[in-house]
Amino acid sequence: MAFGPKQLDGAALAAAYADLDHSAWLTAQRQRAAEAYSEAPWPEFAKVSYHAWPLFGTGTAAGVTYPDGLPTSAGVIVRSLLTATDADLAPFKDYLFKQTGPTDRLTAFHIAHLNSGVLIQIPDHFHSDQPVVLNTRLLAGQNAHHHVLVVVGSDAQVTIVDRYTGEDGAASADSVVTEIVVGENSQVNFANVDAFGSNITAFIRRHATVAANGVLNWTAGVLNDGNMLADTSTDLVGTGSTADVKVVALATGKQTQGLNTRVTNIGRQTTANILQHGVILEKAALIFNGIGHIVKGARGADAQQENRVLMLSRAAHGYANPILLIDENDVKAGHAASVGRVDASQMYYLMSRGLTKDVAQRLVIRGFLGAVLTAIPLPTVQQELIDTIERKLIHGQTVAHQQN
Amino acid sequence: MDTLEVKNLHVAVDDEDGHQEILKGVNLTMHTGEIHAIMGPNGTGKSTLSETIMGNPKYEVGEGDILLNGKSILDWPVDKRARAGLFLAMQYPAEIAGVTNAEFMRAAINARRDDDHQISVREFIKKLDDKMALLDMPEEMAERYLNQGFSGGEKKRNEILQLLMIEPPFAILDEIDSGLDIDAMKVVAKGVNAMRGPNFGTLIITHYQRLLNYIVPDVVHIMMDGRIVKSGDAALAETLEKEGYVGLRDELGLDVPLTDDTDIPSGKGEA
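Computed from a predicted structure; not experimentally measured.

**Q** Any chance you could explain the sheet that holds strand 6 (residues 86-89) of chain B here in plain terms?
**A** Either a parallel or an antiparallel arrangement is found when strands of a sheet pair, and the pairing is made through backbone hydrogen bonds. Residues and elements named next belong to chain B. The strand order 6-9-10-3-11-12 describes an open sheet built from six strands, whose pairing is mixed. Both outer strands of the open sheet, strand 6 and strand 12 (227-232), are each paired with one neighbouring strand and no more. Sheet twist, expressed as the mean angle between neighbouring strand axes with direction ignored, is 20°. Examined bridge by bridge, strand 3 (residues 35-39) and strand 11 (residues 219-224) share four bridges and lie parallel to one another. The partner of alanine 37 across the bridge, within strand 11, is valine 220. Running at roughly 165° to strand 6, helix 5 (residues 152-166) makes contact with strand 6 and strand 9 (170-174) of the sheet.

**Q** Explanation requested: the interface of chain B and chain A in the structure shown.
**A** When the parts come together, some accessible area is lost, and that loss is often what is quoted as the size of the interface. Opposite the 33 residues of chain B that make contact, chain A presents 17 residues. Buried surface at the junction of chain B and chain A, summed over both partners, amounts to about 1800 Å²; 65% is from carbon and sulfur atoms. Taken together, chain B and chain A are joined by two salt bridges. Residue B:Glu159 pairs with A:Arg353 through a salt bridge whose shortest N-O separation is 2.6 Å. Taken together, chain B and chain A are joined by 11 residue pairs in polar contact (both at pLDDT 80 or more). Counting only elements with at least two residues in the side of chain B that touches chain A, the list comes to helix 1 (46-54), helix 2 (78-84), strand 6, strand 7 (96-100), helix 3 (101-110), strand 8 (145-146) and helix 5 of chain B. The residue makeup of the side of chain B that touches chain A, split by class, is 21 nonpolar, five polar and seven charged.

**Q** Mind showing me how you'd approach a negative patch on the surface here?
**A** A cluster of acidic side chains, namely B:Asp14, B:Asp15, B:Glu16, B:Asp17 and B:Glu60, defines a negative patch on the protein surface. Mapped onto the secondary structure, B:Glu60 falls in strand 4 (residues 60-68).

Calculation criteria
Residues numbered from 1 in each chain as written. Chains lettered and ligands numbered in written order. Predicted model: local features only at pLDDT ≥ 70, side-chain atom pairs only at ≥ 80, totals over all residues. Heavy atoms only, no water. Pairing = 2+ DSSP bridges. Helix = DSSP H or I, 4+ residues; strand = E, 2+ residues; numbered from the N terminus. Axes fitted to C-alpha atoms, helices over the stretch in contact; angles between N-to-C directions. Contact = heavy atoms within 4.5 Å. Buried area = accessible area lost by both parts, 1.4 Å probe. Salt bridge = Lys/Arg side-chain N within 4 Å of Asp/Glu carboxyl O. Polar contact = N/O pair within 3.5 Å; in protein donor to acceptor, adjacent residues only side chain to side chain. Nonpolar A, V, L, I, M, F, W, Y, C, P; charged D, E, K, R; others polar. Patch = residues over 30% accessible without salt bridge, like charges linked within 9 Å, V, L, I, M, F, W, Y side chains within 5 Å. Areas by Shrake-Rupley, 256 points an atom, 1.4 Å probe, with all protein chains shown as cover. Lys, Arg positive; Asp, Glu negative; His and termini not counted. Charge placed at Lys NZ, Arg CZ, Asp CG, Glu CD.

Here it is in structure tokens:
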């Protein structure tokens, strides 16, 4: 349903989920979101006109499966959202829907219609070389409204890999919202890879807060084939906290990918780095909004960002849109942005060694995306991402040859 | 034996001064097993000749032909010429971040092989180690991004490394000596001399005779104003070193402006 219903019936939703929710608190959250929905504004994605997209799917059945089950690591608490009781929710209630409340239309719809979710708690002082890996598969023809909350305590060190694939087949309208809490003095390496098919239209929102002296190294691979919105936001709340956010995106076919990547410096001496590199093939559109916001009082803050887009076809549309909002004087900020084509002198050089145009082009692109790819913490995920990109590029080149 | 022929080649480029003819009828025949050198003053078309043979799309051939083993290659794109046996060590090689030197060279070798005969990792690494040792290149150069942040000398060595890895029948070395100190030049010469043999021919483009002390050519060509004006053996380079281009021009009775020539009106602008 394009544009969505005018309002949501909270009581009817509560009744529909009465048997599925194991927590009255969760059901109350649905009702609260349903009430907020009609007045909530559309989320802001500059230069993306998405309002007519079919983003408002419903259905009480879970729209996801976990091909490898839910992660199990010693000391880590993992709960399924709908089956969690009030008691199970106790350690999570202070955080759940706090960063991503029903303040915009799509998030409000998401909370009201939640049909799956995972809650993960990483305890204080947790240290492990083994990453926590969560594989989630979005089902065809079944609308998923999936919510993930990861709470990392203080003085912890953890790598979390959050991967999404999709089942090919019937269309669905999915929302995936993730909240990440980084405790004091903790270091979190968070990597998400979203790679599902053109049958899925998605609203993806991930939001992190980082407490004092916390470090969040975030890498995101956005490789979906369908129309999608992805908001990746971080609030640097604590003094001396740091976020390093790297995004790689590949847009193909006729899809539109709209990405907001935002870091807000709230605490003093906070450091934000955003690096987004994207490639567009065929008739696709890719919009990078890089948003660096330094609020009043964030003295000594540093906000840097770089947004770059490469277009491989004349029919491609690309925007690299840096937005700097600075409300404090004693800060450092900088940005770089470009939208361009593959460098002709690089192509000539590679081809002069015998590489075909297609191989040379893929090599230049891989190099261009390399700054983000090499930051992905798990080698297998990194390789999978490289392989997916390679496959998509070959497909895009094949389509281009057929059109010539 | 392979043969590369350049016949009455006329080449123009479009630059800020408009459409300019740079090569005005170049003739040159070389075979594998031979080392040719082209010398000439600045702005005479040496680099234009090498880029045109390689197939740089910026250069437009107005007249004449380039033949590899009797077949015209004018319509071939640069990658096809490369796979057919041509190699150009460039004056200004491109820098490509995110692609390692090793992965690039492996792709270049494999571009010449069919899917069933790709070079094995072990064979590749062995060859790479050998060639890098020959050129006194530290191992880490293999894992650095292609030409990214390389010094001028490192870039030249890296061009020669690619030559040694790819082993083409014909190589054009475009001012491979420029910006090199004497030790680096000796290393580069060692690399080129290692390729010397019946299955390899090279065309060395240089301003100075010095490089030719280390890579002794079979044939020396002098180029001025878009043409080869004189050819001879290695002794010709030594004569030129003594007399300079102006001396040679006057000896040949040519009416040719020399770019770096301040005494004689060049015909361009106010002298």
